[in-house]
Amino acid sequence: MQLAQLLVFLILFPLITAVFVLFARKGLERGLIVKLSALAIGVITVGLLLMTVDKGALQVQGLPGEPVTLLMFVVEMLIAVFILYLGIVHRKWLVVALILIQSAMMLYFELVYAGSIEVASNLFIDEFSNIMALIIGIIGSLICVYSLGYMKFFHEQHPEVKDRQNVFFFMMFVFLAAMFGLVFSNNIIWVYFFWEVTTLCSFILIGYTKTEEATTNAFNALWMNLLGGVAFAGAILYLAVLGNGMLGLSDLLASGKVIALVPATLIGFAGLTKAAQMPFSSWLVGAMVAPTPVSALLHSSTMVKAGVYILVRLAPVFQATFTGYMLALVGALTFLIASGIAISQSNAKRVLAYSTIANLGLIVACAGIGTYEAIWAAVLLIVFHAISKSLLFLAVGTVEHRIRSRDIDDMTGLIIRMPKIAAMMVIGIAGMFLAPFGMLISKWAAIRAFIDAPYGFVFVIILAFGSAITVFFWAKWMGKILTVTTDSKNIEGEVDRHEWAVLTCLAGLSFITTFVFPVLSTKLLEPFLLANYGHVALLSQDNILIMMMMLVLLVILPASTLLPGRRHRHVSPYMGGRTTTQDMRFSGSLGIQKKTVLSNYYLTDYFGEAKLRVWGIWLCSALIGIMAVAAALREVLP
Amino acid sequence: MINPAWALVFALVAPVAGGLVAGIDRKITAHMQGRVGPSIFQPFYDVGKLFEKEQAVVNETQTFYAICYLVFMIFTGALFFAGGDLLLVIFALTLAQIFLVLGAFAANSPYSYVGAERELLQILAYEPMVILTAVGMFVATKSFNVSDIAASASPVILLLPGIFLGFLYVLTIKLRKSPFDISTSHHAHQEIVKGVTTEFSGPSLGLIEVTHWYEVVLLLGFVYLFFGFSPLIAALAVAVVYILEILVDNTNARVRWQLAVRSSWLIAAVVGLVNLAGLYVLSGGI
Amino acid sequence: MTYLAKSPWIIHYDASSCNGCDIEILACLTPMYDVERFGIINTGNPKHADIFVVTGSVNEHNREVILNIYNQMPDPKVVVAVGICATSGGVFRECYNVAGGIDKLIPVDVYVMGCAARPESIIDGIVTALGILEEKRSKNVHSAPVTDHHENKEHNNHSQGGAS
């Protein structure tokens, strides 16, 4: 199959699946369509990789430019009307204002400039797009399959929520199509279109349960993303008016910094809102009311990655500019502050949300610095974070359904109550902060990248503190899961087989990607870096060997626990001499029976959300302001 | 470059060296308190005794975590002394310590639990400074490899005075000495009983003791790196630093964890910023 | 050669003592008598201890505690009853609320007399205990967890520190 056809297929096929799913009459039909489609998408994504590896960046003219752009404009206007209607009905005037402004801008662009814009090739593929496509195609498909089991149980548990699973899966697949379109598009107008479609998908999926809270949070997410959309539209207009109509991404990157900085900053701002960087972090945290597959797909592994994807793409423009440094500082401070807030959260999904924001902040910091080492670190972070975070979100979803709670303190003794799921969760958490797993490798690469960059020591210091904070909140969660309680029974049997399959796949992927990351680096990342930066980042052979040794140890040692061992004498824990029952009940004073309750340190006085968030909002808003001014000044002054 | 011979030497010699250091520590402490104190081989007797005891457990996973703690600590130290990457050493050290923390969590016992949380607070306190130390070493010697840093002729201590002092500050935390022996210590502090090691007994406790010896040797190796340009001065420095730690240990009471974390962070931020900025200016960055 | 005799760690528990014997025990740790030179450490954790040093007699409140601590100690272990109250109840022997010496509950290996027992006697007692400890180790003695046969309805469903 030709490359162009493959790319178009990947964009259109999920759309077709979406339409079929929308009209599926029974759960069985829906399940079949979803599974077949997921398999197809996964296989074809891998096929795409095999076909294009070693070929470098390829420009593709997949679809006729003019008619498609016109069609996109029509769809955009339809979406705008839809959002306008909803905004008025729910009295969300900010949303109404933003969508009106945005539509006006695009209407003006379409009427006045669209005719004269000529982009050489609308689609393209390079190693980075390939990596993103793999994430969307494999992890995205797996999450859709997981949703089959999850949503079934969800509706059984929440009979008050109207069963709109067809709409749910429709939006999930539309989202996948939009993401494919985003990473394959060279035409900035097309990127913008797919960008807005993802905003729409996020909005609808967050508001899925149609409760008061869900609707409010959905509109919150919508206005922040629309703000980014306005900036994006501004960039397009700028390029049309002052940039000689240069609307091809590759052309923009090749044009040099002077022309590209302002539109890059505007698009970068859109990226910041989509990646929920401070001060726009609240929408992601609020989006946790959505069903967990939504959180896994949109709000950790894919949609928010679109935000950092575009920033990494534009990194050559930001490199060594003051604007770039401000951008990097926004990312770094978000990393530090979001990690701090994560310590004080006891709701598992909120911890994951803040951790996501933090890691995205780290990627933004790398993109802002923009050296080849930093980009290497950024792409590695994207890959490993997508895998680990989606695994964690899905595991939390499964656990939540069984123990009826999202609170970390209720997950005590999960290793006894749900051994295999708990083990996978431990793998996911370990993947987020422990050597030799992927995120650690990426953080290591980031440290090295920051040191070599000018003024990088500021970022290194921020990274050192943020890194220490992440160890704290991940380790205490891990400890909770691994506590061996004696009064719990195994409730794992009720887990749906779809959920099992997907969780096992993701856990396996975690290990596999860590094992094969040297190959990933050599085959995909190095050509990409060489083409765009002229340099290659290397991890020495020795270090790779050491990490493989550690990984082998980490497989062998836990596996050894499965061997039959000598049973030792069991004694009760020490409670100051108080006798306790096996489930840690003891006689208090006056003989009253009490149960021991052990809960984590949340340090809310020091890392509380209220205080830290305010700091983050003010600092990052100031930095964004400075960033924008710097970009404008660079343009105006010689 | 990595020299596996040194790794083997470390794995075999470090427990002996670490045990002796621990014994000398107790002897000097005793004399500071006007006592005679035990023999310098006492730690070996202690560990020998522990291995002679029955292994009683609260649950069967504890021995697993103790073994993992030991294995990864040996791995970390071996990597360090074989000349590996300093950052990787630090991350491997974190991995080793997480096993101890998990072992304490696994026991589902209040004192053990509090000890585990406080151990995490300790890690929170010293991790930034330790990472900044590695970064400082890189800036001073242009390499992350321990072999290069140790062999470097560049006067690391003169380039990194602030970071050295900061490192000494957190060394007190890592060595579990007052005033920062927040999660467990070798002294008679019993407010949280034995903290992390409360629910360990017999052979598994012996393993943890031995691991602590390995860790001490590793940490003293870190101190050595600051003086790599002259092995004689370095050995002297290591001795002086350790005696200083013993002195600090005996003259201070344990502080609240808030003070430990805050002060470590403040020092890490200040010395890190000033020292690294200074080096940056010196290398012509501005 | 065994290391047990060279590194005995004690856990010191005050059952119902007036604290007289306890003060003398702590005096042993001071520079005056300095038992740390024998490798003795006062660990407050039964799981780490070899020698259970008890002062005072058994009464309703501390029955369970004594059993709990004793059962949590790993083998081999010895019990040293310090002071006349721990040995036989002392002056409180006839009281309604005192059950008697520690040996009413757990097997005691060494009795140290005195009221309050002098540090020299205590150290002598500990050293004797070391010999017994050594003997127990060589004979591989395993003490079964001691349970309480005392009738007490409130505490029926509690495990006494041993396996359950």
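Residues numbered from 1 in each chain as written. Chains lettered and ligands numbered in written order. Predicted model: local features only at pLDDT ≥ 70, side-chain atom pairs only at ≥ 80, totals over all residues. Heavy atoms only, no water.

J.: Describe a nonpolar patch on the surface, naming the residues involved and giving the relevant values.
T.: Residue and element names in this part refer to chain A. Together, I512, F515, V516, V519, V552, V555 and I556 make up an exposed nonpolar region whose accessible area comes to about 570 Å². Every element with two or more residues in the nonpolar patch is listed here: α22 (497-533) and α23 (541-560). Looking at the nonpolar patch element by element, the count peaks at 4 residues for α22. Following the sequence through the fold, V519 ends up in helix α22. (Patch = residues over 30% accessible without salt bridge, like charges linked within 9 Å, V, L, I, M, F, W, Y side chains within 5 Å. Areas by Shrake-Rupley, 256 points an atom, 1.4 Å probe, with all protein chains shown as cover. Salt bridge = Lys/Arg side-chain N within 4 Å of Asp/Glu carboxyl O. Helix = DSSP H or I, 4+ residues; strand = E, 2+ residues; numbered from the N terminus.)

J.: So what about the pairing of strand β1 (residues 9-14) of chain C? Which residues, and what values?
T.: Residue and element names in this part refer to chain C. Direction of pairing for β1 relative to strand β2 (residues 41-42): parallel, over a ladder of 2 bridges. Note on β2: the bridge partner recorded for W9 is I41. The parallel pair β1 and β2, bridged by helix α1 (residues 20-29), forms a crossover whose chirality is right-handed. Pairing between β1 and strand β3 (residues 51-55): 5 bridges, direction parallel. Bridge pairing in β3 links Y13 to V54. (Pairing = 2+ DSSP bridges. Right-handed = clockwise from strand over helix to strand, strands pointing away.)

J.: Requested: an account of the pattern of salt bridges, with residues and values cited.
T.: All names here are of chain B. Following the criterion strictly, the structure yields 23 salt bridges over all chains and no others. Residues D25 and K177 are paired through a salt bridge, measuring 2.6 Å at the closest nitrogen-oxygen approach. With a gap of 152 residues between them, D25 in helix α1 (residues 4-32) and K177 in the loop between α8 (161-174) and α9 (202-225) connect regions that are remote in the sequence. We classify D25 as buried; its relative accessible area is 8%. On the basis of relative accessibility, which here comes to 6%, the residue K177 falls in the buried class. Note that R26 is salt-bridged to D46, the shortest N-O span being 2.9 Å. With R26 in helix α1 and D46 in helix α2 (residues 42-52), the pair connects residues that are 20 residues apart, well separated along the chain. (Buried < 20%, exposed > 50% of the residue type's maximum accessible area, 1.4 Å probe, protein only.)

J.: Residues and numbers for the sheet that holds β2 of chain C, please.
T.: In spatial order, the strands read β2-β1-β3-β5-β7 (chain C); together these 5 strands make up an open sheet with parallel pairing. The sheet is open, and its two edges are formed by β2 and β7 (110-112) of chain C, each paired on a single side.

J.: A description of the interface of chain A and chain B should follow, citing residues and the corresponding values.
T.: Across the contact, 61 residues belong to chain A and 66 residues belong to chain B. Taken together, the two surfaces of chain A and chain B that pack against each other cover about 5,800 Å², and 78% of this comes from carbon and sulfur. The largest contributions to the chain A side of the interface with chain B come from F457, F465 and Y601 of chain A, which together make up 11% of the buried area. One can count 2 salt bridges joining chain A with chain B. Between E54 of chain B and R569 of chain A there is a salt bridge, with its nearest N and O atoms 2.9 Å apart. Where chain A touches chain B, the interface holds 16 residue pairs in polar contact (both at pLDDT 80 or more). Here the side of chain A that touches chain B takes 16 residues from helix α21 (residues 456-482) of chain A, the largest share from any one element. Tallied by class, the residues present in the side of chain A that touches chain B amount to 40 nonpolar, 13 polar and 8 charged. (Contact = heavy atoms within 4.5 Å. Buried area = accessible area lost by both parts, 1.4 Å probe. Polar contact = N/O pair within 3.5 Å; in protein donor to acceptor, adjacent residues only side chain to side chain. Nonpolar A, V, L, I, M, F, W, Y, C, P; charged D, E, K, R; others polar.)

J.: Can you break down helix α3 (residues 65-89) of chain A residue by residue, with the values?
T.: Residues and elements named next belong to chain A. Taking 1.5 Å as the rise per residue, α3 with 25 residues should run 36 Å; its terminal C-alpha atoms sit 36 Å apart, in good agreement. Among all positions of α3, only V68, T69, M72, F73, E76, M77, I79, A80, I83, L86 and G87 are buried. Against α4 (93-112), α7 (188-206) and α8 (212-242) lie the buried residues of α3. One or two residues past the end of α3 sits R91, with phi positive at roughly 60°. (Expected span 1.5 Å × (residues − 1).)

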